[in-house]
2 protein chains.
Amino acid sequence: MSPDLITRLKEAGIQPSAQRLAVAGYVLQTDAHPSADEVMSEVQANFPMLSRATVYNTLNLFVEKGLLRQLVLAEGKTVFDPCLEPHHHFIDEESGRIEDVPWDAVKVGDVKGLKGYEVHEYMVVMRGRKLGGSRMSKKR
Amino acid sequence: MSPDLITRLKEAGIQPSAQRLAVAGYVLQTDAHPSADEVMSEVQANFPMLSRATVYNTLNLFVEKGLLRQLVLAEGKTVFDPCLEPHHHFIDEESGRIEDVPWDAVKVGDVKGLKGYEVHEYMVVMRGRKLGGSRMSKKR
DNA sequence: GTCAAACTTTGGATTATGTCTAAATCCGAA
DNA sequence: TTCGGATTTAGACATAATCCAAAGTTTGAC
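Residues numbered from 1 in each chain as written. Chains lettered and ligands numbered in written order. Predicted model: local features only at pLDDT ≥ 70, side-chain atom pairs only at ≥ 80, totals over all residues. Heavy atoms only, no water.

Trainee: Can you walk me through the relation of the copies chain A and chain B in this structure?
Mentor: The second copy of the chain is related to the first by a rotation about an axis and a shift along the axis. Between chain A and chain B, the superposition needs a rotation of 179 degrees and an axial shift of 0.0 Å, giving an RMSD of 0.2 Å. Both chain copies can therefore be described as sitting about a two-fold axis. A shared interface surface links the copies, since 100% of the contact residues of chain A are contact residues in chain B too. (Least-squares fit on C-alpha atoms with pLDDT ≥ 70 in both. Contact = heavy atoms within 4.5 Å.)

Trainee: What is the right way to look at the domain arrangement of chain A in this model?
Mentor: For interface size, the figure often reported is the accessible area lost on association. All names here are of chain A. Looking at the assigned domains, one finds that chain A contains domain 1 (2-81) and domain 2 (88-128). Computed from C-alpha coordinates alone, the two centres of domain 1 and domain 2 are separated by 24 Å. At the interface, seven residues of domain 1 touch nine residues of domain 2. For the pair domain 1 and domain 2, the summed buried surface comes to about 640 Å²; carbon and sulfur atoms form 63% of the total. Inspection of the region where domain 1 meets domain 2 yields zero salt bridges. In this structure, the connection of domain 1 to domain 2 is made through four residue pairs in polar contact (both at pLDDT 80 or more). Put simply, the parts of the chain that give the side of domain 1 that touches domain 2 at least two residues each are strand E1 (69-74) and strand E2 (77-81). Ranked by residues supplied to the side of domain 1 that touches domain 2, first place goes to E1 with three residues. Split into classes, the residues belonging to the side of domain 1 that touches domain 2 amount to three nonpolar, one polar and three charged. (Domains from an automatic or database assignment. Buried area = accessible area lost by both parts, 1.4 Å probe. Salt bridge = Lys/Arg side-chain N within 4 Å of Asp/Glu carboxyl O. Polar contact = N/O pair within 3.5 Å; in protein donor to acceptor, adjacent residues only side chain to side chain. Helix = DSSP H or I, 4+ residues; strand = E, 2+ residues; numbered from the N terminus. Nonpolar A, V, L, I, M, F, W, Y, C, P; charged D, E, K, R; others polar.)

Trainee: Would you mind going over the sheet that holds strand E4 (residues 98-101) of chain A with me for this structure?
Mentor: What holds strands together in a sheet is hydrogen bonding between their backbones, with the strands either parallel or antiparallel. Pairing in this open sheet of six strands is mixed, and the strands run E4(A)-E3(A)-E6(A)-E6(B)-E3(B)-E4(B) from one edge to the other. Bordering the open sheet on either side are E4 of chain A together with strand E4 (98-102) of chain B, each of which pairs with just one other strand. The average undirected angle you get between the axes of adjacent strands in this sheet is 30 degrees. Sheet analysis places strand E3 (residues 88-92) of chain A next to E4 of chain A, joined by four bridges and oriented antiparallel. From the neighbouring strand, Phe 90 of chain A faces E4 of chain A, where its bridge partner is Glu 99 of chain A. (Pairing = 2+ DSSP bridges. Axes fitted to C-alpha atoms, helices over the stretch in contact; angles between N-to-C directions.)

Trainee: I tried to follow the pairing of strand E3 (residues 87-92) of chain B on my own but got confused; where do I start?
Mentor: Successive side chains on a regular strand alternate, one facing one side of the sheet and the next facing the other. All names here are of chain B. The buried count for E3 comes to six of six residues, which makes it a mostly enclosed element. The sheet contact formed by E3 and E4 spans five bridges and is antiparallel. Hairpin geometry of E3 and E4 is characterised by an intervening segment of five residues between the two adjacent antiparallel strands and by a positive phi of about 80 degrees at Gly 96. Direction of pairing for E3 relative to strand E6 (residues 117-130): parallel, over a ladder of four bridges. Considered in E6, the bridge of His 89 is made with Val 125. (Buried < 20%, exposed > 50% of the residue type's maximum accessible area, 1.4 Å probe, protein only.)

Laid out in structure tokens, this is it:
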């Protein structure tokens, strides 16, 4: 899988490096919507030679090159989402966890036609409680 | 109009005070979606005896008592919106300005019925360019 | 292989946003 | 007037994120 990552970075116009691959290996393959801090902890577990500045540099670079999306949905935390397809978001009010909601799960009418605005992108942001799921909150 | 504000605060269970009224006079009657910092500057222009701590205390109190809604939509900034009706938001990508979009302007299908989730509230967040409107950006 | 230029990483300083605390102040009721 | 609770305040603290200049690494030309 590492070779794949190298290819993806190169295709995005990013020079691969050990640090960038380590970050990519986590953040491009998670659905956990991690914050910069969480990315740093996760990656440092296996790859300790990684500074905070590099984490921010790398995440910002990935966003700029279109490998990641940056979301600001909740209290003071910027999180990153590797899912590039348009989709919606659900925020669990108890845990703060963010989940992707498939585009087709929610029908939205005629946003692009809103007059007075040229809408480039949009999403539905939902807040509430996750049912049943029983996935215990792995808290930060 | 001041008497009205006093009444609103009291009805919300908030003891009026000079500082609280000054903050209310601005933040409850603007559609500018100000951040805490902007609230402080605006209010201090006419009412200099107001500390940063009080601005935060007051805004948080208003949110808690339901006079304001707190939104986290863009780049690390928490903003406040006195519009209590459900509505959507449009973010101008150039200026960063946030505008309210009436609930009925965008049809959203069947969110509450999303299975697996109990959705308490939701909104559509749109990004793009404001057309024509010619309202010049009164910059921060 | 060697070297220089360009790129990448780094720790620490810096900025920005927001919270906390303890002391001072204000205000209403007895 | 005095008491006690609520409110305000300055400044300390916490946290997220950026900036910076020095050090390390890679690359390609020779």
